[in-house]
Structures are given as structure tokens and as C-alpha cells.
Amino acid sequence: MKIRLACATVALVLAGCAQTPPQPTVSAAAQPVPANVPAWQQGRTPDQAASRLAPHAGRLTAVPAAEIPVSNLRLPPGFKAELWASGMPGIRAMSRTESGKIYAGTRGIGRVYEITDSGGQRTSRVLVDKLNQPAVTYHNGALYVAAIDKVLRYDGIDRNPNAQPVDLTARFALPPEQHHNWKYIAFGPDGKLYVPFGAPCNICMPAEPYAQIRRYNADGTGMEVVARGVRNTQGFAWHPVTREMWFTDHGRDWMGDDAPEDELNRMTRTGQNFGFPYCHAGGVADRDVQRPRACDGVTLPVTTMGPHAAAMGVHFYTGTMFPAEYRNTLLVARKGSWNRSKKFGYDVVAVRTDASGGNARVTPFVTGFLDPATDNFWGRPVYMLQMPDGSLLLSDEQMGAIYRISYGS
């Protein structure tokens, strides 16, 4: 009897050991960089130390309209692009009120702009300044502004331009790290506010508050983590029919010119894991944070979006101005690469899939921001906003401008 009990005990211990997941192997390159080293250099190996690749500097001063070469933009036949507004350095994601005012956030310059269309002429003012990389969204009569360290709500601002903000920061329990913590925010079909918290590194083992997407009630209560393994999403939208959330995610740097690619993901249920830091793109195992069967349990992307493309805003087109083939088509703005010897992106593409979200086809929609012959760019498209007439506004962070894209008008 004692022998049988002893054997049973050993078997239980062995079973417990067998169920313990193996610990990841983390290389020296995945460790934090010293305080005097730029965060974007984290993840470089010693043989990459002499690389001249570095993030491109943004233009943080207003660019005169005459200096914006919008005529260089190329679209499919029947479409045209025109300069709609300018003079808003660093402009990013946009949101529209009932009266037609547009609010837009920025990153490096820390502003929120209010843009007014006065019958063919657009004017802008700075609603709030000196925030830490703010993003905006408008919902049920209130403007929400989310920075890295602050969440503000402006009630009734469409009727009262002097509305004072309600500070909701304490309710959101914002983690402190800044790298990849700049925001894109939006309300989903469920009335919840979705907020990403990127990985605080190029590649590392992120702590619990990071590399995830959360959702909150509109007042900041009821926080849920809806997705994990998300390195740095800068745009998401919900399919008009299925109501599933689709989002972009930036691939890590310093693994070469062509890998890993950025991702376009589809969240079919809450709680999915999208791979970071072990598994990237369509199943690429990381070289610096390794585990056996790196992509087990990972939801792989609908499609990859190209190497270091900086895929940003996404928009499902639901208007009637564009041809019928664009109905419910996903448009993706790719801001453009820096961690690549030959530039890639700097455009807007259309992504079409079958009814199940498979067989993705990526085709050009707006090009001309990058000259392939010289490898020079002049603009960096980032976000889109559909107007009531079915036209599309496209923001350009580099030029501080908005372009109007229309068809047959």
C-alpha cells in the first residue's frame, strides 16, 4: 500500500511539472536600454549599432497650403483628392460632431484642434495644448480626450465652445510608461470606450498593464481587457455587418528590412491573444524573446500589411458616393517605414476579404506621398473620417493637412 501511495505521489508531482509552461528565453537585446539611449534603439544587436536608421522627424510648424503638393496624389480612376484644410501641425485622428465641427488629436505637439467648416473655408483653433500625445473621440454630445497620463471629457462642446473639461483620469488607472503608449481611442457598437496600451518597448516581456486593448464604460468604470499580445495598435474599427473589431498592429523593429510585417487583425471574441512578444505577423517567431511553439494559441492576422509599414487608421467605407465595390471595404492608412533601408508604405490601401474574413486582397488606393525613384517622401497619411456626403477626409501628420477624397464630383 505504501509503495502504491508513493508511486501515486510521484506521478502527481511529475504531472504537475509537465503542466508548468517552459520559461521564455530573453536575449540581451530585449533588455531595457540605459536612460541616455533613445527608446527606439532598444532591440538592436551589437552588429546593428552603426545603423543610420532612425525615426523620421515630424514637421511641427504650419506648412503653407501652396507648399503641399496634393497634385502628386494618385487614386483609382474617377477619384480625386483636394486640400481641404491645412495649418494644423501633427494632426492625427479626427472625430466629427453633429454640427460638423471636427476635433483632432496630435502626438509630439500635444494639441487638440477644433476645425470649423464655414461654407467652403476651414478655420481651426487649438482647443487644448501641452498634453502628452492626446487622441480624441466624440460620443453622445461629449468630446473625450485621452493622453498618456490624462483623460478629459468636454460635455456639450458642440454648443458651447468654452466648455470646461471633466477630469476622468483617476477612473482609468493609466499605466505610466510612455513608449508606445500614445493613443487611438473610439467607442464601439456596445457603447464602450476602447483604449490601447502598447508594449513599453520595441521587444521585451511586457508587464500586465501593457500590450493589451481595454474597454471601459463611458464614465471610466467597468474596465475589461479584451485583447492581449498587441504590441502597438494605432487604429481600429468595427465591421458594419458583423460588428467584429479589426485593428492594425505595428511589427517590431531591428529584425531586418522585411520582417516582421505589420498586422491587420480581427477580434472575433474577447480575450484573444495576438502574439506579442513571442509571435509576429503570419507566424514569425521572435529572435529575442523565445518560447517553444511560439505561435501556439495565437490569433494570426487576417493579412500582413508590409514590413515596417506603420499601419495606422482603418475605416470601413459605408457611404454611397464611392462605387458599389467599395461598400464595407476596409481602407488602411500606412504612415510609412523608418526601420528599413528602402522606404515602404506612405499610402492608403484597400483590403477586401471574403465573407468569413479570409482570402484578403490588398490593393493601392491613395499613393504619391513617396517617390520610389528617389526614396523620398513628403507626406505621411494617418487617419480617415467619412463625411455625410460619402466623401472621405484623410489626415497627413507630416504636412499638418487634411485632404478630401471624392468620386465623380
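Residues numbered from 1 in each chain as written. Predicted model: local features only at pLDDT ≥ 70, side-chain atom pairs only at ≥ 80, totals over all residues. Heavy atoms only, no water.

Draft legend 1. A look at the pattern of salt bridges. This model, assessed by the stated rule, comprises 23 salt bridges. Arginine 153 is the salt-bridge partner of aspartate 155, the closest N and O atoms lying 2.7 Å from each other. In this structure, the salt-bridge partner of arginine 228 is glutamate 208, at a minimum N-O distance of 2.8 Å. Here the residue arginine 228 occupies a position in strand 14 (residues 224–228), and glutamate 208 occupies one in the loop between strand 12 (193–197) and strand 13 (212–216), the gap between them amounting to 20 residues. Connected via shared salt-bridge partners are Arg252, Asp286, Arg287 and Asp288. (Salt bridge = Lys/Arg side-chain N within 4 Å of Asp/Glu carboxyl O. Helix = DSSP H or I, 4+ residues; strand = E, 2+ residues; numbered from the N terminus.)

Draft legend 2. Expanded view of the sheet that holds strand 10 (residues 166–167). The antiparallel open sheet is built from four strands, whose spatial order is 7-8-9-10. At either margin of the open sheet sits one strand with a lone partner, and together these are strand 7 (135–139) and strand 10. (Pairing = 2+ DSSP bridges.)

Draft legend 3. Local environment of the packing of aromatic side chains. Evaluated as defined, the whole model comprises 22 aromatic pairs. Geometrically, the ring pair formed by tryptophan 246 and phenylalanine 316 is edge-to-face, given 5.8 Å between the ring centres and 90° between the ring planes. Here tryptophan 246, found in strand 16 (residues 245–249), pairs with phenylalanine 316, found in strand 23 (residues 311–316); they are 70 residues apart in sequence, far enough to count as distant. The pair tryptophan 246 / phenylalanine 316 is uniform in exposure class, with both members buried. When the ring of tyrosine 326 is compared with that of phenylalanine 365, the centres are 5.6 Å apart and the planes differ by 55°; the resulting orientation is tilted. On the criterion of sequence distance, the pair formed by tyrosine 326 in the loop between strand 23 and strand 24 (330–334) and phenylalanine 365 in strand 26 (residues 361–366) is long-range, its members being 39 residues apart. Both residues of the pair, tyrosine 326 and phenylalanine 365, belong to the buried class. Members of the aromatic cluster, connected to one another through ring pairs, are Phe79, Tyr317, Phe322, Tyr326, Phe365 and Tyr407. When the ring centre of tryptophan 254 is taken as origin, the NZ or CZ atom of arginine 44, which lies over that ring, is 5.4 Å away. (Phe/Tyr/Trp six-rings, centres within 6.5 Å; stacked < 30°, edge-to-face > 60°. Buried < 20%, exposed > 50% of the residue type's maximum accessible area, 1.4 Å probe, protein only. Lys NZ or Arg CZ within 6 Å of the ring centre and 35° of its normal.)

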